[in-house]
2 protein chains.
Amino acid sequence: MININFVLFPGLTQLDLTGPYEVLVRMPGAVIRFVAKDMTPVVSDRGLILNPTTTIDNARPCDLLVVPGGPGTDATLTDPAWISFVQEQAKTAKYIFGVCTGSLLLGAAGLLIGKRATCHWQARNFLAHFGAIVDHSRMVVDGNIFTAGGVTSGIDMALKVVATLASEAVAKQIQLQIEYDPAPPFVGGTPHTSDSATVEACMLASRARILSREQSVIRAAQQLTGTGTSP
Amino acid sequence: MININFVLFPGLTQLDLTGPYEVLVRMPGAVIRFVAKDMTPVVSDRGLILNPTTTIDNARPCDLLVVPGGPGTDATLTDPAWISFVQEQAKTAKYIFGVCTGSLLLGAAGLLIGKRATCHWQARNFLAHFGAIVDHSRMVVDGNIFTAGGVTSGIDMALKVVATLASEAVAKQIQLQIEYDPAPPFVGGTPHTSDSATVEACMLASRARILSREQSVIRAAQQLTGTGTSP
């Protein structure tokens, strides 16, 4: 049995969770739980409802802890309940897997100090506030910590996690089951491959959110280093 | 406002829905509804719970009808409630989008007669039972009908749908927001790109399901052509 706990909080980006879920749940022996602060259904940043299956007070230790991201990450970074949950789970988890801005919560919990890590491209540099060595790759493995870039990179990385937890043969079978030989209709998907008009439009649209996130990251980093005021 | 109805039935493969959802919901003006037979939460083939937002009796006409697939598709193929719902919605929908084996339901509803269409690679040839011209591409557009191959191909196709319903610029921005410049860790994902051991393992594991699906398809095709016994 491979116990997998997904962190589930309001305002997550649902594909950060449902992409890796579809890959990981197909691994023989996988038992997946969605861990929320309470059993209230959780609403994603765009309105999809996901149902917790357990709570942070009742969750058992796991083999793999998965932390998705999304705008709702910001509130978790300074939330003592989430910080201590991630710290506790990390003590016994064999592997930890941050998807998208979920890596920021790993950082806020102090798990990335001196570790190479990645994140959604628009939040990647924030990892440095938590002592991480920022890596601009789509997938980064450092020790037992897997971090992936934005949203869809969680699917790529989940296959790598399966290859580690089970075997490469199992990962390849899952890849074929979900017909994952991707063919995006347009060139792009990173600030280096997308055209400049697309990059500028994205940055403009998210400017306010990035500024607000920066404040959350700074407060979380102060709490981590003990220079901030605890709530 | 762009009204998008997703068909939601028990035993669907959740990423067939949540992948395209993540792309389509980011389109300005998109209003998404999950249409089920009743308001009971729906359990995916692997256990994820999704909540209907309306029912087939109350759903309004839409601009885009999305039909995901999964093992649960089989039961829909001979279900008069689903067949007539899809037929009714198709009368006024500007576009119809079948993901994975969801294309079989489009076929059972008579929407693919003489049309080129694709499907999950393990079910693709079944489309011929419904008068479709089987196309082995990952993405096929014929008239106003978009069909995609297995599971993850729904993400690629959703970007193409956004380019059609909104604009290529919007699709490219969404691609960058979700950092979709995929990099699968292994070569594979189709029966032509995966190694033969992987293909054989997948086919062996799903043999019973494929045989059972074939029976559902044959019954559905008989109903469609009027040679079968109506339920």
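Residues numbered from 1 in each chain as written. Chains lettered and ligands numbered in written order. Predicted model: local features only at pLDDT ≥ 70, side-chain atom pairs only at ≥ 80, totals over all residues. Heavy atoms only, no water.

Caption draft 1: View of the overall build of chain A. Counting its secondary structure elements, chain A contains 8 helices and 11 strands. What you see for chain A is a C-alpha radius of gyration of 17 Å, in line with the 17 Å of a compact globule of 231 residues. Projecting the C-alpha coordinates of chain A onto the three principal axes gives extents of approximately 45 × 45 × 35 Å. A burial count over chain A gives 60% of its 231 residues as buried. In chain A, 65% of the contacts between residues at least 6 apart in sequence involve partners at least 24 apart. Split by element, the accessible area of chain A, about 8,400 Å² in all, is 53% carbon and sulfur. Each charge class in chain A can be summarised by its mean position, and for the 17 positive and 18 negative side chains these summaries are 3 Å apart. (Helix = DSSP H or I, 4+ residues; strand = E, 2+ residues; numbered from the N terminus. Rg over C-alpha atoms; globule rule 2.2 N^0.38 Å. Buried < 20%, exposed > 50% of the residue type's maximum accessible area, 1.4 Å probe, protein only. Contact = heavy atoms within 4.5 Å. Areas by Shrake-Rupley, 256 points an atom, 1.4 Å probe, with all protein chains shown as cover. Lys, Arg positive; Asp, Glu negative; His and termini not counted. Charge placed at Lys NZ, Arg CZ, Asp CG, Glu CD.)

Caption draft 2: Representation of the relation of the copies chain B and chain A within the structure. Here chain B sits on chain A after a turn of 180° about the axis and a move of 0.0 Å along it, with an RMSD of 0.0 Å. The superposition operator between the copies reduces to a two-fold rotation axis. (Least-squares fit on C-alpha atoms with pLDDT ≥ 70 in both.)

Caption draft 3: Helix H3 (residues 80–92) of chain A, seen in detail. All names here are of chain A. For H3, with 13 residues, the first-to-last C-alpha span of 19 Å sits near the 18 Å given by 1.5 Å per residue. Residues of H3 that are buried: Trp-82, Ile-83, Phe-85, Val-86, Gln-89 and Ala-90. Seen from one end, H3 has its buried residues packed into an arc of 165°, which puts them on one side. Exposed and facing more than 90 degrees away from the buried side of H3 are Lys-91 and Thr-92. Taken together, the buried residues of H3 touch strand E1 (2–7), strand E2 (30–36), strand E6 (64–67), helix H2 (73–77), strand E7 (95–99) and helix H4 (102–108). (Expected span 1.5 Å × (residues − 1). Arc of directions from axis to C-beta.)

Caption draft 4: Structural detail: the sheet that holds strand E2 (residues 30–36) of chain B. Residues and elements named next belong to chain B. Within the open sheet, the 7 strands sit side by side as E5-E2-E1-E6-E7-E11-E10. Their pairing is mixed. Each edge of the open sheet carries a strand with a single partner, namely strand E5 (54–55) and strand E10 (139–142). Here E10 pairs with strand E11 (residues 145–148) via 4 bridges, running antiparallel. Counted as the bridge partner of Asp-142 is Ile-145 from E11. Relative to strand E1 (residues 2–7), helix H1 (residues 14–24) is tilted by about 170°, and along the sheet it contacts E1, E2, strand E6 (64–67) and strand E7 (95–99). (Pairing = 2+ DSSP bridges. Axes fitted to C-alpha atoms, helices over the stretch in contact; angles between N-to-C directions.)

Caption draft 5: Quick peek at the sheet that holds E6(A). Residue and element names in this part refer to chain A. Taken together, 7 strands build an open sheet; the order of strands is E5-E2-E1-E6-E7-E11-E10 and the sheet is mixed. The open sheet has two edge strands, strand E5 (54–55) and strand E10 (139–142), and neither has a second partner. When E1 meets E6, the two strands line up parallel, connected through 3 bridges. Residue Phe-6 lies in a different strand from E6, and its bridge partner there is Val-66. Its contacts with the sheet place helix H5 (residues 153–165) against E1, E6, E7, E10 and strand E11 (145–148), and it is angled at close to 160° to E11.

Any functional reading would require information beyond the geometric quantities listed.
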